[in-house]
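Architecture and fold: a report
So you can see what is in the structure, the chains are spelled out below.
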Amino acid sequence: MIVLKSPVEIEMMREAGRVTAVALRLVGEAVRPGITTGELDAIAEEYIRSQGAKPAFLGYHGFPATLCTSVNEQVVHGIPGKRILNEGDILSVDCGAVVDGFFGDSAMTFPVGMVSAEARALMDATQTSLEAGIAKMRPNMRLYDIGAAVQQVAEAAGFSVVREYVGHGIGRAMHEDPQVPNFGQAGRGAQLKPGMVFAVEPMVNAGGFEVRSLDDGWTVVTADGSLSAHFEHTIAVTEDGPVILTVE
Ligand code: MG
Ligand code: MG
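Residues numbered from 1 in each chain as written. Chains lettered and ligands numbered in written order. Predicted model: local features only at pLDDT ≥ 70, side-chain atom pairs only at ≥ 80, totals over all residues. Heavy atoms only, no water.

1. A short note on the coordination of the magnesium ion (ligand 1)
The protein atoms that coordinate the magnesium ion (ligand 1) are D94 (OD), D94 (OD), D105 (OD) and E232 (OE), at distances of 2.0 to 2.5 Å. Expressed as a motif, the donor residue spacing for the magnesium ion (ligand 1) is D-x10-D-x126-E. For the pair the magnesium ion (ligand 1) and the magnesium ion (ligand 2), the metal-to-metal distance amounts to 3.1 Å, and D105 bridges them. Of this pair, D94 sits in strand β4 (residues 90–99) while E232 sits in the loop between β13 (228–230) and β14 (233–238), and the two are 138 residues apart along the sequence. In this structure, D94 and E232 share a single accessibility class: buried. (Donors = N, O, S within 2.8 Å, 3.2 Å for Na, K, Ca; no water. Helix = DSSP H or I, 4+ residues; strand = E, 2+ residues; numbered from the N terminus. Buried < 20%, exposed > 50% of the residue type's maximum accessible area, 1.4 Å probe, protein only.)

2. Points about the packing of helix α3 (residues 117–134) against helix α4 (residues 143–156)
Between two packed helices, both the angle of their axes relative to each other and the distance between the axes serve to describe the pair. In the contact formed by α3 and α4, the axes pass within 8 Å of each other and the chain directions differ by 150°. Accordingly, the angle class assigned to the pair α3 and α4 is roughly antiparallel. Pair α3 / α4 crosses with right-handed handedness. Contacts between α3 and α4 pair A125, T128, S129, A132 and G133 from the former with I146, A149, V150, V153 and A154 from the latter. Taken together, the residues of the contact of α3 with α4 break down into 7 nonpolar, 3 polar and no charged. (Axes fitted to C-alpha atoms, helices over the stretch in contact; angles between N-to-C directions. Parallel < 35°, antiparallel > 145°, perpendicular 65-115°, else oblique. Left-handed = near helix turned anticlockwise from the far one by under 90°. Contact = heavy atoms within 4.5 Å. Nonpolar A, V, L, I, M, F, W, Y, C, P; charged D, E, K, R; others polar.)

Take a look at the structure:
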């Protein structure tokens with residue numbers, strides 16, 4: 001069942017979105033060759049707690065950190081720690097915060113210093129695919145209109161969208177109905193209504209769409225070792241169109 005949020009609840013979700021967005025920006029500003037993913041995690045946790053908010057991922061199914069930090073061929077759910085970032089890496093950072101019981105969820109991929117043309121193109125296409133998906137989040141559109149738009153942009157750029165992990169409804173729980181795939185056939189699925197709030201989060205691979213999990217039980221990598229990028233926003237469907245909540 002898709003839980004509809006009232007305008008007042010959407011306003012409350014804006015604050016969780018704002019805290020998430022600022023934390024991500026602060027992490028992005030700190031990304032440079034030589035910093036560890038653990039240091040970036042500490043920056044995010046400190047900011048989130050300074051706002052009276054809680055990290056959404058810490059302790060979620062036992063996840064041990066505030067951020068998911070996924071480097072290069074890592075797709076999602078990488079665990080921050082001692083890994084040192086190198087010039088030319090790309091780093092996907094996923095961040096969530098809880099304020100007054102409501103969740104915000106957002107992700108971005110950052111370049112570490114100068115990156116390859118392929119990495120730059122992958123990041124740009126992933127971000128553009130997210131924007132294309134968000135543009136479909138209007139009343140009377142269909143759920144799969146979102147994923148179809150994401151897939152079209154990613155594949156037109158020569159990349160592939162991950163199938164095994166998808167976006168989701170979000171509100172008083174981080175993961176609510178429905179699942180929001182980043183692929184599919186336009187015109188299918190639930191009709192979108194004002195008050196629906198989704199986290200849309202394309203994970204786009206430079207090579208094939210297949211992924212596998214590492215032995216740490218969390219980190220997801222591309223099966224072929226190709227680069228992967230991840231962009232995510234939390235967005236409300238309103239009468240006036242999509243409203244991105246994970247912004248400052
Ligand atoms: Mg996320
Ligand atoms: Mg999410």
